[in-house]
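So you can see what is in the structure, the chains are spelled out below.
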Amino acid sequence: MLYNQIIFKSAYPYVINNFIREYDLSAANINALYSEGIINIDEYNKFMDMPKHIREVKIGIMSRDKAVYNAIKNGIIKAKKELFLANNIQDHEVVSIKNDAVFVLGRKLQYTQFGNYNFKLKNEYTVFMKLQDLEIYYGDSILPDGSVDVNVDIKGIDDSKIPLHENGMLGLICEICFMLQRYDPKETLEVLMDFYRKFLLKELHIDYYREFNSRSGYIFMAPVGAYSLDYIHNPNQHLMSKLDINRNNLIFRDLIHIVSNIYKSSVAQPR
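Residues numbered from 1 in each chain as written. Predicted model: local features only at pLDDT ≥ 70, side-chain atom pairs only at ≥ 80, totals over all residues. Heavy atoms only, no water.

**Structural notes on the packing of aromatic side chains**
Inspection of every chain in the model, using the stated rule, returns 13 aromatic pairs. Summarising the aromatic geometry, the rings of phenylalanine 178 and tyrosine 183 are spaced 6.5 Å apart at their centres and angled 50° between planes, so their arrangement reads as tilted. What links up through ring pairs into an aromatic cluster is the set Phe103, Tyr125, Phe128 and Tyr137. Cation over ring: arginine 210 sits above tyrosine 231, and NZ or CZ is 5.3 Å from the ring centre. (Phe/Tyr/Trp six-rings, centres within 6.5 Å; stacked < 30°, edge-to-face > 60°. Lys NZ or Arg CZ within 6 Å of the ring centre and 35° of its normal.)

Printed below as a string of structure tokens:
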């Protein structure tokens, strides 16, 4: 059963205009340790009163003990089993599992509290897509002043590096996700293809050439091999000519494939 999985990725290449809800097990490690009998109620309360970062360090040290590690692992699996069975979650409804978080497609779950285990609805998204080794979760809402409030999560890139991409590939991906939910797919594809043409010609802002991956650097080719830079302050034609754009080119191509499929499906639908 899927609830036994620590990490699970569904076969869905993308989901558009359907809710993906993230249910996160609150204080998973502490609740697992208490439920599995590793700590008593006094120790449990003491841990819960700690600042989160201190608690995580202490639990991390405790987890070096195999018995503690297995208790946490087994407790989280038991909690997920309760969630799956109580809500009759089917395999096709699971977009992904990230240890103590379950991403559910479509319906809102009715039962989320099981003893001291509590699955909180942490995020709601309406777009999901796989781009190379990354998973994109995106949701938005238009505020009364006309601005757009965006909630995006990139699995595969550390949160601390996400701001580096806001004016580059992440900004483009968010724009495409916004358009896919509101515009004709043909128009969305035309916008994306125009960006791609400019990308290949290296006409876009330098931020679009920062590798959209865990490294998040600029890769250059040199006679002695490749090297990476964290920042480029004054890009020039010579520097741009040495840029290795292969990573983001693959991201573009995956994105184009998704939008093209959506466009083809819209054309094929009977009117």
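Now that the structure has been shown, the text picks up again.
**Re a nonpolar patch on the surface**
A cluster of nonpolar side chains, Ile142, Val148 and Val150, forms an exposed patch at the surface whose accessible area comes to about 230 Å². Among the structural elements, valine 150 can be located in strand E8 (residues 148-155). For valine 150, a relative accessible area of 37% translates into the label partly exposed. (Patch = residues over 30% accessible without salt bridge, like charges linked within 9 Å, V, L, I, M, F, W, Y side chains within 5 Å. Areas by Shrake-Rupley, 256 points an atom, 1.4 Å probe, with all protein chains shown as cover. Salt bridge = Lys/Arg side-chain N within 4 Å of Asp/Glu carboxyl O. Helix = DSSP H or I, 4+ residues; strand = E, 2+ residues; numbered from the N terminus. Buried < 20%, exposed > 50% of the residue type's maximum accessible area, 1.4 Å probe, protein only.)

**Considerations on the nonpolar core**
Of all hydrophobic cores here, the largest spans 41 residues; its most connected members are Met129 and Phe212. Elements with a minimum of two residues in this core: strand E6 (117-131), strand E7 (134-142), helix H5 (169-180), helix H6 (185-200), strand E9 (218-222) and helix H8 (246-268). With sequence-adjacent residues up to four places away left out, phenylalanine 212 is seen in contact with Leu134, Ile136, Ile154, Ile157, His165, Met169, Leu170, Ile173, Arg247, Asn248 and Ile251. If you look at the next biggest cluster of nonpolar residues, it comprises 31 residues, including Ala32, Leu33, Ile76 and Ile77. (Core = buried A, V, L, I, M, F, W, Y, C linked by side-chain atoms within 4.5 Å. Contact = heavy atoms within 4.5 Å.)

**Some thoughts on helix H4 (residues 66-87)**
If you check H4, its first and last C-alpha atoms are 32 Å apart, about what 22 residues at 1.5 Å a residue would give, namely 32 Å. Among all positions in H4, only Val68, Ala71, Ile72, Gly75, Ile76, Ile77, Ala79, Lys80, Leu83, Phe84 and Asn87 are buried. N-capping of H4 is provided by aspartate 65, with a side-chain oxygen placed 2.8 Å from the backbone N of alanine 67. Once H4 ends, the next one or two residues include asparagine 88, with phi positive near 50°. (Expected span 1.5 Å × (residues − 1). Polar contact = N/O pair within 3.5 Å; in protein donor to acceptor, adjacent residues only side chain to side chain.)

**Topic: the packing of helix H1 (residues 28-35) against helix H2 (residues 41-49)**
Relative orientation and spacing of two packed helices are given, respectively, by the angle between their axes and the distance between those axes. In contact at an axis separation of 10 Å, H1 and H2 are set at 175° when each is read in the N-to-C sense. Classified by the interaxial angle, the pair formed by H1 and H2 is roughly antiparallel. Taking contact as the criterion, the partners of Ile30, Asn31 and Tyr34 in H1 are, on H2, Ile41, Tyr44, Phe47 and Met48. Of the residues belonging to the contact of H1 with H2, the class tally is 6 nonpolar, 1 polar and no charged. (Axes fitted to C-alpha atoms, helices over the stretch in contact; angles between N-to-C directions. Parallel < 35°, antiparallel > 145°, perpendicular 65-115°, else oblique. Nonpolar A, V, L, I, M, F, W, Y, C, P; charged D, E, K, R; others polar.)

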